[in-house]
Amino acid sequence: MKILIVTDSASTVAQLTVILNGANYMDVRAVITLDEAMIAMKRAALADTPVDLVLIDLDNAAADGLVATLTIKSHREFEDVPIISITADDSAKVLDRAFAAGASDYLVQPVGKTELRARVRSALQLRREMIKRMLRERELERLARKLERMSNLDGLTGLANRRCFDDTLVREWVRNGREDHPLGLLMIDIDHFKLYNDALGHVDGDTCLRKVADALTQATRRPADLVARYGGEEFAIILPNTDFEGAQSVADNIHDNLASQNIRHPDSTVGGCVTVSIGVASGVPTCGTTPEHLVHAADRALYQAKQSGRNRTEG
Ligand code: GH3
Ligand code: MG
Ligand code: MG
Ligand code: MG
């Protein structure tokens, strides 16, 4: 661990360094002024080998030790670095001011070997525990963010999941309504997927779901479009600021993309490869309607597409 000594006394530096090195603290640096101390601490932090403890001589003619203590402690970056005051004057007045400035401990000149090592050891021990706690907190925050991300994703396809779809639909409903924009919605269902699973097994079925997910993602053009797995082999796409014709053209892209992927479906009644049926709906959200109205409209259109022969879009 890195220790910085701030003093104008060469003999103090020599004495402390010998004692610290003797206790295996090999990374000991000394500076005279506050400016030098700040530069040394910033450099060390930048090099990712931060100063872990500062020993500040309060009887330093070149730097006011109390000001140095206060200055270091008021830097956000260094507020957790422990500071030990060193003074020949251990009157209550001096020590009170040192603690008020932010020192966590003190040593009285002439500094004894045992005392110095004991105080340094306990200050560094606290510092280590603090760093550990900080790393643990950072790791927890990272995990929390990851969990948040994962809780919005479908594990099989990597698309947004139903929960994310529901949240996004409400949000876009409100936003598009406020901006007087049409909100488009596609409901997509794989044709005869039960037969696909029956013929090729669930592992191939899962692979097929991923390929369909890719085809859907590639069919959308705007970053704000949200492709979601709605459930089983049903998908939904939210298309902000998209009218009926715009939504229909995304549906056309989907049929084209799937046709060019040409995923063999041995028992399909519509052309020998995997196809989908799509229901399209679009409308400007108004006070009298709800997001469910849009879902129902797209659902009815999807039912229509199934009824009229599959592998098609209805609206
Ligand atoms: P239709 O054309 O009328 O939509 O017929 P379909 O066979 O696609 O519809 P149905 O609702 O009868 O069957 C859906 C099938 O989707 C049944 C189910 O086993 C399958 N399925 C749902 N989720 C998954 C999944 O995660 N993995 C796999 N492999 N299959 C799934
Ligand atoms: Mg279905
Ligand atoms: Mg079905
Ligand atoms: Mg189906």
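Please read all numbers here as calculations on a predicted model, not as lab measurements.

Engineer: Report on the nonpolar core, specifying residues and quantitative values.
Structural biologist: One finds Leu185, Leu186, Ala236, Ile237 and Ile254 to be the most contacted residues of the largest nonpolar core, which totals 43 residues. If sequence neighbours within four positions are ignored, Ala236 has contacts with Phe165, Leu185, Leu186, Met187, Ile188, Ala228 and Tyr230. Judged by nonpolar contacts, the second largest core, of 34 residues, contains Val13, Ile86, Ala101 and Leu116.

Engineer: Explain the site of ligand 1 to me, and be specific about the residues and the numbers.
Structural biologist: In the vicinity of ligand 1, 17 residues are found, and the nearest of them are Phe193, Lys194, Gly205, Gly232 and Glu233. Those elements that place two or more of their residues in the shell around ligand 1 are strand 6 (183-190), helix 7 (193-200) and helix 8 (202-219). In terms of residue class, the shell around ligand 1 is built from five nonpolar, five polar and seven charged.

Engineer: Describe the sheet that holds strand 1 (residues 2-6), with residues and values.
Structural biologist: Here five strands make up an open sheet; going across it, the order is 2-1-3-4-5 and the pairing parallel. Only two strands of the sheet have a single neighbouring strand rather than two, namely strand 2 (27-31) and strand 5 (105-108). Across the sheet, the mean angle separating the axes of adjacent strands is 20° when strand polarity is ignored. The sheet contact formed by strand 1 and strand 3 (residues 51-57) spans five bridges and is parallel.

Engineer: Before we move on, can you summarise the pairing of strand 2 with the specific residues and values?
Structural biologist: Relative to strand 2, strand 1 is paired through five bridges, and the arrangement is parallel. If you follow Ile3 over to strand 2, its bridge partner there is Val28. Tracing the backbone out of strand 1, into helix 1 (residues 10-22) and back to the parallel element strand 2 gives a crossover that is right-handed.

Engineer: Summarise the sheet that holds strand 8 (residues 234-239); cite the residues concerned and give the values.
Structural biologist: One open sheet accounts for five strands, arranged 7-8-6-9-10; its pairing is mixed. Each having just a single partner strand, strand 7 (226-231) and strand 10 (313-314) make up the two edges of the open sheet. Both strand 7 and strand 8 contribute to a ladder of five bridges, which runs antiparallel. Along strand 8, the bridge assignment pairs Gly231 with Glu234.

Engineer: Any chance you could break down helix 2 (residues 34-46) for me, citing the residues and the numbers?
Structural biologist: Along its 13 residues, helix 2 runs 18 Å from first to last C-alpha, staying within 8% of the 18 Å computed at 1.5 Å per residue. For helix 2, the set of buried residues is Leu34, Ala37 and Met41. The buried residues of helix 2 occupy an angular sector of 60° when projected down its axis, which confines them to one face. The outward face of helix 2, more than 90 degrees from its buried face, is lined by the exposed residues Asp35, Ile39, Arg43 and Leu46. Taken together, the buried residues of helix 2 touch strand 1, strand 2, strand 3 and helix 3 (65-74). Phi turns positive one or two residues past the end of helix 2, at Asp48, with a value near 65°.

Engineer: Provide a residue-level description of unusual backbone geometry, including the pertinent values.
Structural biologist: Here Gln109 and Pro110 are connected by a cis peptide whose omega angle stands at -10°. Following the sequence through the fold, Pro110 ends up in the loop between strand 5 and helix 5 (113-150). The phi dihedral of Asn24 falls on the positive side, at around 75°, and the residue is not glycine. Take Asn24: it is sitting in the loop between helix 1 and strand 2. C-beta crowding within 10 Å serves as the criterion here: with 7 such atoms nearby, Asn24 is assigned to the exposed category. The backbone phi angle of Asn262 is positive, close to 50°, even though this residue is not glycine. Since 11 C-beta atoms lie within 10 Å of it, Asn262 is described here as exposed.

Engineer: Can you explain the packing of helix 7 against helix 8? Please cite residues and give values.
Structural biologist: Closest axis-to-axis distance for the helix 7/helix 8 pair is 7 Å, and the angle between their directions is 135°. Here helix 7 lies oblique to helix 8, going by the angle between them. On helix 8, the residues touching Tyr196, Asn197 and Leu200 of helix 7 are His202, Asp204, Gly205 and Cys208. Its residues assigned to classes, the contact of helix 7 with helix 8 comprises three nonpolar, three polar and one charged.

So, how was this worked out
- Residues numbered from 1 in each chain as written.
- Chains lettered and ligands numbered in written order.
- Predicted model: local features only at pLDDT ≥ 70, side-chain atom pairs only at ≥ 80, totals over all residues.
- Core = buried A, V, L, I, M, F, W, Y, C linked by C-beta atoms within 7 Å.
- Buried ≥ 20, exposed ≤ 12 C-beta atoms within 10 Å, placed from the backbone.
- Contact = placed C-beta atoms within 7 Å.
- Near = placed C-beta within 6 Å.
- Helix = DSSP H or I, 4+ residues; strand = E, 2+ residues; numbered from the N terminus.
- Nonpolar A, V, L, I, M, F, W, Y, C, P; charged D, E, K, R; others polar.
- Pairing = 2+ DSSP bridges.
- Axes fitted to C-alpha atoms, helices over the stretch in contact; angles between N-to-C directions.
- Right-handed = clockwise from strand over helix to strand, strands pointing away.
- Expected span 1.5 Å × (residues − 1).
- Arc of directions from axis to C-beta.
- Parallel < 35°, antiparallel > 145°, perpendicular 65-115°, else oblique.

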